[in-house]
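Coordinate analysis (summary)
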Amino acid sequence: MDEHISLSDMEAFLDEALPHEQMAEIEAALRSEEELQLVLVETISRRDTGIHSLGEIWRRHRASCSSREELGSYLLAILPADQQAYIDFHLKTVGCRYCQANLEDLREAATAGEDTTRRRQRYFESSAGYLQR
Amino acid sequence: MSQPADQSLVERIRAGDGDAWSDLIGRYDSRLLAYVSCRLQNRSLAEDVVQETFIGLLNSLPNYDGRRPLENYLFSICSHKLTDALRREGRRPTVSISPANSAYSHWQLPANSERASSIARSDERRSIEEQSLRDALVEQLEHWRQRGDWKKIQCLELIIVRGWANKRAAEFLQLSQQQVATYKHEFVGRLCKSVRSQGLPEEVFPEMYLDDDPAEGVELSDG
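Because the structure is a prediction, the values reported are computed rather than measured.

**Regarding the overall build of chain A**
Helix and strand counts for chain A stand at eight helices and one strand. Taking 2.2 N^0.38 as the reference for a compact globule, 133 residues should give roughly 14 Å; the C-alpha atoms of chain A span a radius of gyration of 19 Å, well beyond that estimate. Counting only C-alpha atoms and orienting by the principal axes, one finds that chain A spans roughly 50 × 50 × 30 Å. The buried share among the 133 residues of chain A stands at 55%. The long-range fraction of contacts in chain A, counting pairs at least 24 apart against all pairs at least 6 apart in sequence, stands at 57%. As presented, chain A carries roughly 6,000 Å² of accessible surface, and 51% of it is formed by carbon and sulfur atoms.

**Description of the interface of chain A and chain B**
Each partner contributes to the interface: chain A provides 82 residues, whereas chain B provides 86 residues. Where chain A abuts chain B, roughly 7,800 Å² becomes buried across the two surfaces, and 57% of that area is made up of carbon and sulfur atoms. Interface area lost by chain A to chain B is led by A:Leu54, A:Trp58 and A:Tyr123, which between them contribute 10%. At the junction of chain A and chain B, the tally comes to 15 salt bridges. Put simply, B:Asp29 and A:Arg119 hold a salt bridge, and the shortest N to O gap is 2.8 Å. Examining the composition of the side of chain A that touches chain B, we find that 12 residues originate from one element, helix α3 (residues 34-48) of chain A, more than from any other. When the residues that make up the side of chain A that touches chain B are grouped by side-chain class, the tally is 33 nonpolar, 23 polar and 26 charged.

**What about the packing of helix α1 (residues 7-14) of chain A against α3(A)?**
Think of two packed helices as two axes; the pair is described by the angle between the axes and how far apart they sit. All names here are of chain A. Contact geometry for α1 and α3: axes closest at 10 Å, N-to-C directions at 70°. When the interaxial angle is binned, α1 and α3 end up roughly perpendicular. For α1 against α3, the interelement crossing comes out right-handed. For the pair α1 and α3, the contacting residues are Leu7, Met10, Glu11, Phe13 and Leu14 in the first and Leu36, Val39, Leu40, Thr43, Ile44, Arg46 and Arg47 in the second.

**A look at the pattern of salt bridges**
Taken as a whole, this structure holds 38 salt bridges over all chains when the rule is applied. Among the ionic pairs, B:Asp84 bridges to B:Arg87, the shortest N-O distance being 3.7 Å. Of this pair, B:Asp84 and B:Arg87 both sit in helix α4 (residues 70-88), three residues apart, which is roughly one turn of that helix. Close ionic contact of B:Asp149 with B:Arg147 constitutes a salt bridge, the shortest N to O distance being 3.1 Å. Under the relative-accessibility criterion, B:Arg147 is labelled exposed at 55%. A network of salt bridges, in which partner residues are shared, links A:Glu16, A:Glu27, A:Arg97, B:Arg39, B:Glu89, B:Arg91 and B:Arg92.

**Describing the packing of aromatic side chains**
Counted according to the given criterion, the structure contains 11 aromatic pairs over all chains. Taken together, a centroid distance of 5.8 Å and an interplanar angle of 90° make the contact between B:Trp21 and B:Phe54 edge-to-face. You can see B:Trp21 sitting in helix α2 (residues 18-37) and its partner B:Phe54 sitting in helix α3 (residues 43-60), a full 33 residues away along the chain. In this structure, B:Trp21 and B:Phe54 share a single accessibility class: buried. For the pair B:Tyr64 and B:Tyr73, a centre-to-centre distance of 4.7 Å together with 40° between the ring planes defines the contact as tilted. For the pair formed by B:Tyr64 and B:Tyr73, the shared burial category is buried. Ring pairing ties together the aromatic residues A:Trp58, B:Trp144 and B:Phe187, which thus form one cluster. Taking NZ or CZ as reference, B:Arg92 lies 4.1 Å from the ring centre of A:Phe13, over its face.

**Structural notes on the environment of B:Gln51**
By the element assignment, B:Gln51 lies in helix α3. Taking the C-alpha atoms as reference points, B:Gln51 and B:Ile25, separated by 26 residues in sequence, lie 9.6 Å from one another. Those residues in contact with B:Gln51 that sit more than four places away from it in its chain are A:Arg122, A:Tyr123 and A:Ser126. In this structure the side chain of B:Gln51 is engaged in a polar contact, spanning 3.4 Å, whose partner is the side chain of A:Ser126.

What counts, and where the lines are drawn
Residues numbered from 1 in each chain as written. Chains lettered and ligands numbered in written order. Predicted model: local features only at pLDDT ≥ 70, side-chain atom pairs only at ≥ 80, totals over all residues. Heavy atoms only, no water. Helix = DSSP H or I, 4+ residues; strand = E, 2+ residues; numbered from the N terminus. Rg over C-alpha atoms; globule rule 2.2 N^0.38 Å. Buried < 20%, exposed > 50% of the residue type's maximum accessible area, 1.4 Å probe, protein only. Contact = heavy atoms within 4.5 Å. Areas by Shrake-Rupley, 256 points an atom, 1.4 Å probe, with all protein chains shown as cover. Buried area = accessible area lost by both parts, 1.4 Å probe. Salt bridge = Lys/Arg side-chain N within 4 Å of Asp/Glu carboxyl O. Nonpolar A, V, L, I, M, F, W, Y, C, P; charged D, E, K, R; others polar. Axes fitted to C-alpha atoms, helices over the stretch in contact; angles between N-to-C directions. Parallel < 35°, antiparallel > 145°, perpendicular 65-115°, else oblique. Left-handed = near helix turned anticlockwise from the far one by under 90°. Phe/Tyr/Trp six-rings, centres within 6.5 Å; stacked < 30°, edge-to-face > 60°. Lys NZ or Arg CZ within 6 Å of the ring centre and 35° of its normal. Polar contact = N/O pair within 3.5 Å; in protein donor to acceptor, adjacent residues only side chain to side chain.

Following this line, the structure appears as structure tokens:
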């Protein structure tokens, strides 16, 4: 377990942008750690007053995320070694949830079956009424 | 910038094209579900969150800025819907409007009474600052990518995105602290130059001008 939670981590926590293991750690810590609760409140207050950080902007705009095509190449392990290593770092050390989700999607794309079709039909039927007529 | 294919889809959806809407769902639903599922162990609930995300997209489409990548916009809506779902499950705290010294449960955090209006920014100013920094960030990172300077990107990502201290980043990446300081100096220098060139005040992002590490993390107890 990571023994530190940085202010950047708290901002990412609010944006649901940390790896799920760390999200769960912070949720658990917030139940008992008063100091951490205050850090969270201060983080929210800073946002309410319009203050934003470089880290938030980097994350929000996914400045270092790889393209979907690059993630596909990463899965096939056909990228240059240093780029392959960087994407591995971004996924596992930085723990980018958006790239992790894209990678999982790419992995499962080949096995999409009836369940996927049913799900998409459900989404369409529940939302099509909101399309402009 | 949004992908051309996404821009075309959005235009057709705005015109009420059901086939385009179906295509968009097919393009994005699996990655959104993957993003949500790791946080919700209940598959049905996770699918509900994605469903709410798509409805949220349609409802907000009149305000969607096509310059923003559609995937980022969808993830943003999805994170809000996911947070709402986690709150309903009692896993995420909500900030109370009660004074800080009142009794509160762990999930009703005290409101901060020091909301300084003097430092409040307008949405417009905030947006200008953000766009300026985003452009500078992307430019710098692309420069390093083109040169294959992956170590520099890793270093700055740990410090700025994850909030790691210089020393910790140096140890993890097997760099000297002097190398980390040099990378940081190069990065901050370029960003500052960009901020100044756009006429923004330097105090906009004070963390860029600090020599020290970013704020140290809050230590968790073992319990």
